[in-house]
Amino acid sequence: MHRQARRSEIPAIELFGTAEAPVVVALGGISSSAHVGPHAGNLHPGWWGPMVGEGRPLDTTRARIMGMSYGVFSPGPTTTQDQARALARALDACGIATVRAIVGASYGGMIGLAFAELFPERVERLVAISAPHQSHPLSTALRVIQRKIIRLGITANRRSEGVALARALGMTSYRTAEEFAARFTPLPESEREPRSFPVEDYLDHCGEKFAQQFPPGHYLGLSESLDLHRVDPRRITVPTTVVAVASDTLVPPSQLQELVEQLAGPVVHHQIPSRYGHDAFLKEIDVVGRIVAESLALEVAHAS
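Since this is a predicted model, take the numbers as computed values, not measurements.

## Quick look at the sheet that holds strand β2 (residues 13-17)
Thought 1: Across the sheet, seven strands lie side by side as β2-β4-β3-β6-β7-β8-β9; this open sheet has mixed pairing. Strands at the two margins of the open sheet, each flanked by one partner only, are β2 and β9 (267-272). If you compare each strand with its neighbour and ignore which way they point, the axes differ by 15° on average.
Thought 2: Strand contacts of helix α2 (residues 107-118): β3 (23-27), β6 (101-105) and β7 (126-129), with the helix running at about 145° to β6, the strand carrying the most contacts.
Thought 3: The strands touched by helix α8 (residues 253-262) are β8 (240-245) and β9; relative to β8, the strand with the most contacts, the crossing angle is about 165°.

## A look at unusual backbone geometry
Thought 1: The omega torsion across Glu 193 and Pro 194 is -10°, close enough to zero to call that bond cis.
Thought 2: Structurally, Pro 194 is set in the loop between α5 (177-183) and α6 (198-213).
Thought 3: Located in the positive-phi region is Ser 130, a residue other than glycine, with phi close to 50°.
Thought 4: Structurally, Ser 130 is set in the loop between β7 and α3 (137-155).
Thought 5: According to the relative accessible area criterion, Ser 130 is buried, its value standing at 1%.

## Description of the confidence of the model for the protein chain
Low-confidence regions, as indicated by low pLDDT, have predicted coordinates that should not be scrutinised in detail.
Thought 1: Overall, the prediction assigns the protein chain a mean pLDDT of 94, with 95% of residues at 70 or greater.
Thought 2: With pLDDT under 50 throughout, residues 299-304 is counted as low confidence; its partners more than four residues away or in other chains account for 14 contacts.

## A word on the pattern of salt bridges
Thought 1: Tallied over the full model, the rule gives eleven salt bridges.
Thought 2: Here Glu 161 makes a salt bridge to Arg 158, at a shortest N to O gap of 2.7 Å.
Thought 3: Residue Glu 161 is classed as partly exposed on the basis of its relative accessible area of 46%.
Thought 4: What makes Arg 158 partly exposed here is its relative accessible area of 46%.

## Side note on the pairing of β8
Thought 1: Across the six residues of β8, six count as buried, placing the element largely inside the fold.
Thought 2: The side-chain alternation of β8 yields two buried faces, one formed by Thr 240, Val 242 and Ala 244 and the other by Thr 241, Val 243 and Val 245.
Thought 3: The pairing of β7 with β8 spans four bridges and is parallel. Residue pairing for β8: Ile 129 is matched across the bridge by Val 243.
Thought 4: Note that β8 and β9 share six bridges and pair parallel.

## Digging into the layout of surface pockets
Which parts of space are left empty comes out when a probe the size of a water molecule is rolled across the atoms.
Thought 1: Reported here for the largest pocket is a volume of approximately 1,300 Å³.
Thought 2: Forming the walls of the largest pocket are 47 residues, and the residues nearest its centre are Ser 31, Ser 32, Arg 167, Phe 210 and Leu 282.
Thought 3: Every element with two or more residues in the lining of the largest pocket is listed here: α2, α3, α4 (159-174), α6, α7 (216-228) and α9 (280-283).
Thought 4: If you tally residues by element for the lining of the largest pocket, the top one is α6, at six residues.
Thought 5: Looking at the lining of the largest pocket, its residues break down into 21 nonpolar, 19 polar and seven charged.

## Describing the environment of Gln 213
Thought 1: Its location among the elements puts Gln 213 in helix α6.
Thought 2: Counting along the chain gives 33 residues from Gln 213 to Ala 246, while the straight-line C-alpha distance between them is 31 Å.

## Quick notes on a negative patch on the surface
Thought 1: A cluster of acidic residues, Glu 189, Glu 200, Asp 201, Asp 204 and Glu 208, forms a negative patch on the protein surface.
Thought 2: In this structure, Asp 204 sits in helix α6.

## Let's talk about the packing of aromatic side chains
Thought 1: Within the structure shown, the criterion is met by ten aromatic pairs.
Thought 2: Residues Phe 115 and Phe 119 carry aromatic rings whose centres are separated by 5.0 Å and whose planes lie at 50° to one another, so their mutual orientation is tilted.
Thought 3: Overall, Phe 115 belongs to the buried group, its relative accessible area being 0%.
Thought 4: Under the relative-accessibility criterion, Phe 119 is labelled buried at 18%.
Thought 5: A ring pair is formed by Phe 210 and Phe 214, whose centres lie 4.4 Å apart and whose planes are at 25°; its orientation type is stacked.
Thought 6: Looking at Phe 214, the relative accessible area reads 4%, which means it is buried.
Thought 7: Feature note: the residues Trp 47, Trp 48 and Phe 281 constitute an aromatic cluster, connected by ring pairs.
Thought 8: Positioned over the ring face of Tyr 202 is Arg 183, at 4.5 Å from the centre of the ring.
Thought 9: Geometry around Tyr 276 places Lys 283 over its ring, the cationic atom sitting 5.4 Å from the centre.

Calculation criteria
Residues numbered from 1 in each chain as written. Predicted model: local features only at pLDDT ≥ 70, side-chain atom pairs only at ≥ 80, totals over all residues. Heavy atoms only, no water. Pairing = 2+ DSSP bridges. Helix = DSSP H or I, 4+ residues; strand = E, 2+ residues; numbered from the N terminus. Axes fitted to C-alpha atoms, helices over the stretch in contact; angles between N-to-C directions. Contact = heavy atoms within 4.5 Å. Buried < 20%, exposed > 50% of the residue type's maximum accessible area, 1.4 Å probe, protein only. pLDDT = per-residue confidence, 0-100. Salt bridge = Lys/Arg side-chain N within 4 Å of Asp/Glu carboxyl O. 1 Å grid on protein atoms, 1.4 Å probe; cavity = no way out; pocket = protein on both sides within 12 Å on 5 of 7 lines; lining within 4 Å. Points joined across faces, edges and corners; volume = space filled by probe spheres on them. Nonpolar A, V, L, I, M, F, W, Y, C, P; charged D, E, K, R; others polar. Patch = residues over 30% accessible without salt bridge, like charges linked within 9 Å, V, L, I, M, F, W, Y side chains within 5 Å. Areas by Shrake-Rupley, 256 points an atom, 1.4 Å probe, with all protein chains shown as cover. Lys, Arg positive; Asp, Glu negative; His and termini not counted. Charge placed at Lys NZ, Arg CZ, Asp CG, Glu CD. Phe/Tyr/Trp six-rings, centres within 6.5 Å; stacked < 30°, edge-to-face > 60°. Lys NZ or Arg CZ within 6 Å of the ring centre and 35° of its normal.

Here it is as structure tokens:
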């Protein structure tokens, strides 16, 4: 369970890989953690396990990989700038002046953009996957509804149910209509009342699993942080690779095109097709991994 953190605290991190090698920071969505992938100290697959290891895009024989857990800071709302400063404190605590790259997807990419704006001298390259310079109004609308659901759950003393329902709603925006049509039949599982649908079981499972790990306050804080996110691309001079997903409705490709056009430094822009929408960074390991490896100038290898 995460706890609230003061703005001065150092976040939980994991740092692993070849000693003295360049550091690559890997940051994911709001449900990710400091545990990016398996290593000698923790063999659990992690949130991005297929990307991590010898010969893989985040190659532990050629880099040290750092992951960071996200705090919900007090007092006041949490911003991506707060998370970027927390990352800077973590690097200071490890004696790391600069990193080879920050590879960030979704919320992690937003933090990467904030870090590049605040500390350009501390990062050589940024890879931002499905990460805009500000929240899209339609995405904010969805998260506003999610936060209202969570607050209703708190008021009704059904906190876990509120988190689970909010997360289930969020799952409908992370994937695509194409994937849902391929995975689920539109027919109910039985004719008995109340009728239940296959997609309903999936959403319930995702929501309940998430609620076991995320307390309401943490979810509320990170959700609001997504909508408070603002960076000025004209102030970002760090060489940046921007990756858009054609089917992403949370971060539309048109919004990332705006980011690309405004960035002040060198930029490489990729747009990839995927049936997985916003979650493509978790599912399209081969294509995303190839882009990441090329951006880091690491050996390109198939991620099994």
